[in-house]
Amino acid sequence: MIDSFALILPEEILTVSSIILLLMCAWMGDKSGRLITWLGVGALLLAAIWVPGISGSGGIAFDGLFIGDRFAAFAKILVYIGAAVAMLMAMNWFGRDKDFRAEYPVLVLFATIGMGMMISAGDLLTLYVGLELLSLSSYVLASFQRTDTRSAEAGLKYFVLGALASGFLLYGISLLYGFTGSTLFSGVAQGLADGVSQGELFGIVFVLAGIAFKISAVPFHMWTPDVYEGAPSPVTAFFASAPKVAAMALMVRVTFEAMGPATDAWRQIIIFSALASTILGGVAAIGQRNIKRLLAYSSINNVGFALIGVAAGTREGAASVLFYMAVYLVMTLGTFLVVLRMRGEDGKPIESIESLSGLSRTRPGLALALAMFMFSLAGIPPLLGFMPKFFVFEAAVAADLTWLAAVGIATSVIGAYYYIKIVKIMYFDEPAAAFAKSDDHIGTGLLLVSALFVSPLGYGLVEPIMSLSRNAAGSLF
Amino acid sequence: MNQLGFPILTTLIVLPLLAAIVCLYLSAHAARWLALVTTFALLALGVLLWANYQIGGAQWQYTENLANLGAFRWAMGIDGIALMLIMLTLFLMPVCIAASWSSIEHRIPEYMAAFLLMEALIIGVFAAQDIFLFYIFFEAGLIPMYLIIGIWGGNNRIYAAYKFFLYTLLGSLLMLVAMLWMVNHAGTSEIPVLMRTDFPPEAQTWLWLAFFASFAVKMPMWPVHTWLPDAHVQAPTAGSIILAGVLLKLGGYGFVRFSLPMFPEASSLLIWLVFGLSMVAVVYTSLVALVQRDMKKLIAYSSVAHMAFVTIGLFAFNRQGIEGALIVMLSHGLVSGALFLCVGVIYDRLHTREIDRYGGLANNMPIYSVLLLLFTMAAVGLPGTSGFVGEFLALIGSYAANSWVAFVATTGIILGAAYMLWLYWRVVYGTSRNADAAAMPDLNKRELASLGAIAAVVLWMGVYPESFLAPMRDDVGHLLARIERAAPAGDAQLQRGAAPAAQSPHGGSEHAPAANTPAEGGH
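Residues numbered from 1 in each chain as written. Chains lettered and ligands numbered in written order. Predicted model: local features only at pLDDT ≥ 70, side-chain atom pairs only at ≥ 80, totals over all residues. Heavy atoms only, no water.

Student: Go over the overall build of chain A with me, naming the residues and quoting the values.
Tutor: Of the regular secondary structure elements, chain A holds 21 helices and two strands. Relative to the globule expectation of 23 Å for 477 residues, the C-alpha radius of gyration of chain A, 21 Å, shows essentially globular dimensions. If one aligns the C-alpha atoms of chain A with their principal axes, the spans along those axes are about 65 × 55 × 40 Å. Per-residue burial for chain A yields a buried fraction of 66% across its 477 residues. Contacts in chain A between residues at least 24 apart in sequence constitute 80% of all its contacts with a sequence separation of at least 6. Total accessible area on chain A is roughly 15900 Å²; 68% of this is exposed by carbon and sulfur atoms. Computed over 28 positive and 31 negative side-chain charges, the inter-centroid distance for chain A is 9 Å. (Helix = DSSP H or I, 4+ residues; strand = E, 2+ residues; numbered from the N terminus. Rg over C-alpha atoms; globule rule 2.2 N^0.38 Å. Buried < 20%, exposed > 50% of the residue type's maximum accessible area, 1.4 Å probe, protein only. Contact = heavy atoms within 4.5 Å. Areas by Shrake-Rupley, 256 points an atom, 1.4 Å probe, with all protein chains shown as cover. Lys, Arg positive; Asp, Glu negative; His and termini not counted. Charge placed at Lys NZ, Arg CZ, Asp CG, Glu CD.)

In structure tokens form, the structure reads like this:
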């Protein structure tokens, strides 16, 4: 039992500190927002140090309810990074209009605890509790700008559709429990080992549907563009980064560990979802005029590619998904750091794509950074965004799914169109009104780091990150 | 490490990259000079590279294996074919910079940076010894070219930039899947090893088609050539030079390096496809070139026709054909680059590419007219110029493989003479039709230096092609050794004649006149 508590130390740290921080903001009021943000980042850092599985191979807590292995460690570190950056980028974005409330970092911390539970879930109920903690925090975050009707609408939409998805998930869990006799992943796997019955198949489909909602894979993507557009930009950045990593890690763990014996059953679902996501994410983005909606479709598109790695069903596939999410996290956060700087002279945030016209002449550095992220998201070498796609397709080919790789790769051309359209608008068009200068030095620093990461210099990190992800993926098998 | 004691190929890639970054922070004037100095320094390194290349030495020279980049290695090395193409690139780059000296008026630091980046990436393509590293360089070239066409191009530049980017991207992505399969099958991503690997014949066909999708677009072959006229017409002069001079060679290089040695059986099986498309290209694009009113478009279509000679020669499966194709690649790089430069010279003065706006330039631009005549003749394939050597060898080779292909291809030479000479006649001869065209000054020193340098090399290659063939000879031999087992039977049934022993020291000279007759019909 003591061991179990040691294994959930990061969650304990985050829980205790988020409760303390919640009390602090109740007493100190909204002016303590910056202090609480920094303390929240500190809590994440502290938790990151104690993540089990970083140095050793980790272990299983509470008789299998909670798994603290290397896979979880890898995904958790990514999630903590995403959460910390999301906190830091919000601090200066909200701060301008004095509308920054101190609950923001606390809500992100709660969501992070939920994500940690999802990643480490060894049982369908742990999974559900983690997912709900994340979801409830997310609903509040989406409607964080109370005075903005779009934000409130986003929160409500997210809540209604999210509740529906939770229903799916619970129904799937109950079916799996009913037909396999266990909620433990290992128990479910045992139950599936003797062939997949009709009921078990239904359970698999519903559980996957619930998770697909969280990663916004087609056909459960409908909420994404609306919520991304309506939510305040830093919140959108958060939604697009850390929860995607956590849900994708959960997807890998559920499919590989709980449904491993039924690979043939879920593989076709995943393949359909992957291809539908890459195609829809590419086609639907073309007509968008709002940069946040465009990035919503971009994240649908990217999730589709990551799912190709899941479909491979191998250790290489799992490693490629982890690598994909690591690079995706940086690219997305980097892109949003640019989006957060899109403000008119009056300080109002601008979200239209046309406002980027001629950015290369008014703000060359910002334009270069965004161009790099766009080419990187499109997967054009020599930017780092090429490598995750490369590994995913490599895993698919190695798993004898060459046709899937060929079709998937062909669909990436559709996506490339709108990414290079952004570059066209910034570099080829006549300049529009310049954005206001930003004095957000933290943001500048983060932007610089992420731009350098996706630049060709990032190739130096491919080998270390990939060997870490291979190692992490190894603990699933 | 190599015969020079330092990693020269990496230097050739890193140096322009660094210069490109520095360029971005300089003033327009300083950026021009930095770019020019860098390209000349690289050319000097290139001369060193060629001078120290050991002809008849190891197949792969200057090999480097510097770093592990996860899925692949930073492995470099060149054979004679790559050496020649690298030299072509290094030679054309200073010309490009000079051609943009005053004709590019805005955003000069970015422009120079894009060109230097382009140079680094192209050298990387030719020098890469790891198949994925090759792919990265191959694909990365899209980014600077997209920007060059889109920012500094003509009126319809954005459409052309999109078309160029998406066309070539789709082609190369299928190739990536094929590469992944091959590496998965062979267990290594080293190009030299893959070139010796025998892939199962049933898989070869698919792999070959995937590579073909990429190289045919780059080449470009009919019917996927339509991006080329748009890109050429809209690109700035230097963009056209680099596009026609070097980027089109990536397709041919791909066939030599990948399709033929790695998939000989599939190459033999699908030879009808290559020959069919090439024959259509030669005749069709030559006819299209005849009716063009825009000079750049005319030369762009002629490029498609010339590239068809390359594919015909390469798939002839014999030495003459392959060597001829390689020389056509080099020669076309020089000649079409020079022709685009010639168009650029008068475009800079009159800002139109309409053929009808010019006429009688011989009166006011005599030096220009002489040089243009030389390049026109080289494009037609007049003996003594580089164009003759390559086309002649390629046709000899193709005759041995398939006499019908040789016959149809030769009509392309006749048509080539027609559209090039007609172009020359309309632009240079006759009387001036427009006062502004008649008032144009002759070449300035910068233009003369660029065109003169290319002219010298064109004549050198035409008179003494051995300098260029010698480094590639062994590599063609290695290639032949790989593909001979799959070579399809030719229909020409050439036999060694019973010539008197003392008179004919050259083996196989009997069939030369046979192909020679139609070939000379075009001149």
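Student: Explain the interface of chain B and chain A to me, and be specific about the residues and the numbers.
Tutor: Contacts between the two partners involve 31 residues from chain B, matched on the other side by 34 residues from chain A. Between the two partners, chain B and chain A, sit zero salt bridges. The biggest single contributor to the side of chain B that touches chain A is helix α7 (residues 157-186) of chain B, with 15 residues. Residue classes in the side of chain B that touches chain A are distributed as 24 nonpolar, four polar and three charged. (Salt bridge = Lys/Arg side-chain N within 4 Å of Asp/Glu carboxyl O. Nonpolar A, V, L, I, M, F, W, Y, C, P; charged D, E, K, R; others polar.)

Student: So what's going on with the packing of helix α10 (residues 227-234) of chain B against helix α11 (residues 237-247) of chain B? Which residues, and what values?
Tutor: All names here are of chain B. Where α10 contacts α11, the two axes come as close as 7 Å, and the packing angle between them is 145°. Between α10, through W227, A231 and H232, and α11, the contact on the second element is made entirely by S240, L243 and A244. Grouping the constituent residues of the contact of α10 with α11 by class yields four nonpolar, two polar and no charged. (Axes fitted to C-alpha atoms, helices over the stretch in contact; angles between N-to-C directions.)

Student: An account of the pairing of strand β1 (residues 61-68) of chain B is requested, with residue identities and associated values reported.
Tutor: Direction of pairing for β1 of chain B relative to strand β2 (residues 73-78) of chain B: antiparallel, over a ladder of four bridges. Residue pairing in the sheet places N68 of chain B in a bridge with R73 of chain B of β2 of chain B. (Pairing = 2+ DSSP bridges.)

Student: I'd love a proper account of unusual backbone geometry, names of residues and values included.
Tutor: Of the consecutive residues M219 of chain B and P220 of chain B, the connecting peptide bond is found in the cis state with omega at -10°. Between W222 of chain B and the following residue, P223 of chain B, the backbone shows a cis peptide bond with an omega angle of 5°. Position of P223 of chain B among the secondary structure elements: in the loop between α9 (201-218) and α10. Positive phi, normally seen in glycine, also occurs at S216 of chain A, with a value near 50°. Relative to the elements of secondary structure, S216 of chain A occurs in the loop between α9 (198-215) and α10 (223-230). Phi at D400 of chain A is positive, roughly 65°, even though this residue is not glycine.

Student: Could you give an account of the pattern of salt bridges, with specific residues and numbers?
Tutor: Residue and element names in this part refer to chain A. Enumeration according to the criterion identifies 27 salt bridges over all chains in this entry. Across the pair D226 and R293 runs a salt bridge whose closest N-O atoms are separated by 3.1 Å. Of this pair, D226 sits in helix α10 while R293 sits in helix α14 (residues 291-312), and the two are 67 residues apart along the sequence. Exposure remark for R293: the relative accessible area of 18% places this residue in the buried category. Across the salt bridge formed by E229 and R293, the nearest N and O atoms sit 2.7 Å from each other. Here E229, found in helix α10, pairs with R293, found in helix α14; they are 64 residues apart in sequence, far enough to count as distant. Salt bridges linked by common partners bring R150, E153, K157, D226, E229, K292, R293 and E351 together as one network.

Student: How would you summarise the nonpolar core if you had to cite specific residues and measurements?
Tutor: The tendency in soluble globular proteins is for nonpolar side chains to be buried side by side. Judged by nonpolar contacts, the single largest core of 396 residues is most densely connected at M387 of chain A together with F375 of chain B. Residues in contact with M387 of chain A, not counting those within four places in the same chain, are F323, Y459 and V462 of chain A together with A71 and F72 of chain B. Core analysis: the next-biggest nonpolar cluster, separate from the first, contains five residues, L7, I8, F66 and M117 of chain A among them. (Core = buried A, V, L, I, M, F, W, Y, C linked by side-chain atoms within 4.5 Å.)

Student: Which residues make up the pairing of β2 of chain B, and what are the values?
Tutor: Every regular strand shows the same layout, with side chains that alternate between the two sheet faces. Burial analysis of β2 of chain B places five of its six residues in the buried class, which makes it a mostly covered element. Following β1 of chain B, the chain reverses through four residues before pairing antiparallel with β2 of chain B; G70 of chain B in that reversal takes a positive phi of roughly 85°.

Student: A description of α14 of chain A should follow, citing residues and the corresponding values.
Tutor: Residues and elements named next belong to chain A. For α14, spanning 22 residues, the distance from its first C-alpha to its last is 32 Å, which sits close to the expected 32 Å at 1.5 Å a residue. The element α14 is largely enclosed, with a buried count of 22 among its 22 residues. By the N-cap criterion, in which a side-chain oxygen at the helix start approaches the backbone nitrogen of a residue two or three places on, α14 is capped by N290, the distance to K292 being 2.7 Å. (Expected span 1.5 Å × (residues − 1). Polar contact = N/O pair within 3.5 Å; in protein donor to acceptor, adjacent residues only side chain to side chain.)

Student: Account for the side chain of S32 of chain A, naming residues and giving values.
Tutor: Residue and element names in this part refer to chain A. By the element assignment, S32 lies in the loop between α2 (9-28) and α3 (33-49). Note on S32: relative accessible area 5%, which makes it buried. Not counting chain neighbours up to four residues away, the residues in contact with S32 comprise C25 and A102.

Student: Outline the confidence of the model for chain B, listing residues and values.
Tutor: Residue and element names in this part refer to chain B. Put simply, chain B has an average pLDDT of 85, and 94% of its residues get 70 or more. In this model, residues 507-523 is a region of pLDDT below 50 whose contacts with residues beyond four sequence positions or in other chains number 28 contacts. For this predicted complex, the interface score ipTM comes out at 0.86, alongside a pTM of 0.88. (pLDDT = per-residue confidence, 0-100.)

Student: Please set out the packing of helix α15 (residues 295-314) of chain B against helix α16 (residues 319-350) of chain B residue by residue, giving values where relevant.
Tutor: Residues and elements named next belong to chain B. Two elements in contact, α15 and α16, have axes whose closest approach is 8 Å; the angle formed by their N-to-C orientations is 175°. With respect to α16, the element α15 is oriented roughly antiparallel. Across the interface between the two elements, M295, K296, I299, A300, S303, H306, M307, F309, V310, G313 and L314 from α15 touch G321, I322, A325, V328, M329, H332, S336, L339, F340, V343 and I346 from α16. Across the contact of α15 with α16, the residue classes break down as 15 nonpolar, six polar and one charged. (Parallel < 35°, antiparallel > 145°, perpendicular 65-115°, else oblique.)

Student: Any details on the packing of aromatic side chains? Residues and values, ideally.
Tutor: Residue and element names in this part refer to chain A. If you walk through the whole model with that rule in mind, you get 54 aromatic pairs over all chains. Summarising the aromatic geometry, the rings of Y104 and F144 are spaced 5.4 Å apart at their centres and angled 70° between planes, so their arrangement reads as edge-to-face. You can see Y104 sitting in helix α5 (residues 103-120) and its partner F144 sitting in the loop between α6 (124-142) and α7 (149-180), a full 40 residues away along the chain. Summarising the burial analysis for this pair, Y104 and F144 share the class buried. (Phe/Tyr/Trp six-rings, centres within 6.5 Å; stacked < 30°, edge-to-face > 60°.)

Student: Break down the environment of H225 of chain B for me, citing the residues and quoting the values.
Tutor: Residue and element names in this part refer to chain B. You can see H225 is positioned in the loop between α9 and α10. When the C-alpha atoms of H225 and N68 are compared, they prove to be 37 Å apart, with 157 residues separating the residues in sequence. Not counting the four nearest positions on each side in its chain, H225 is found in contact with P220, Y284, T285, Y301 and V304.

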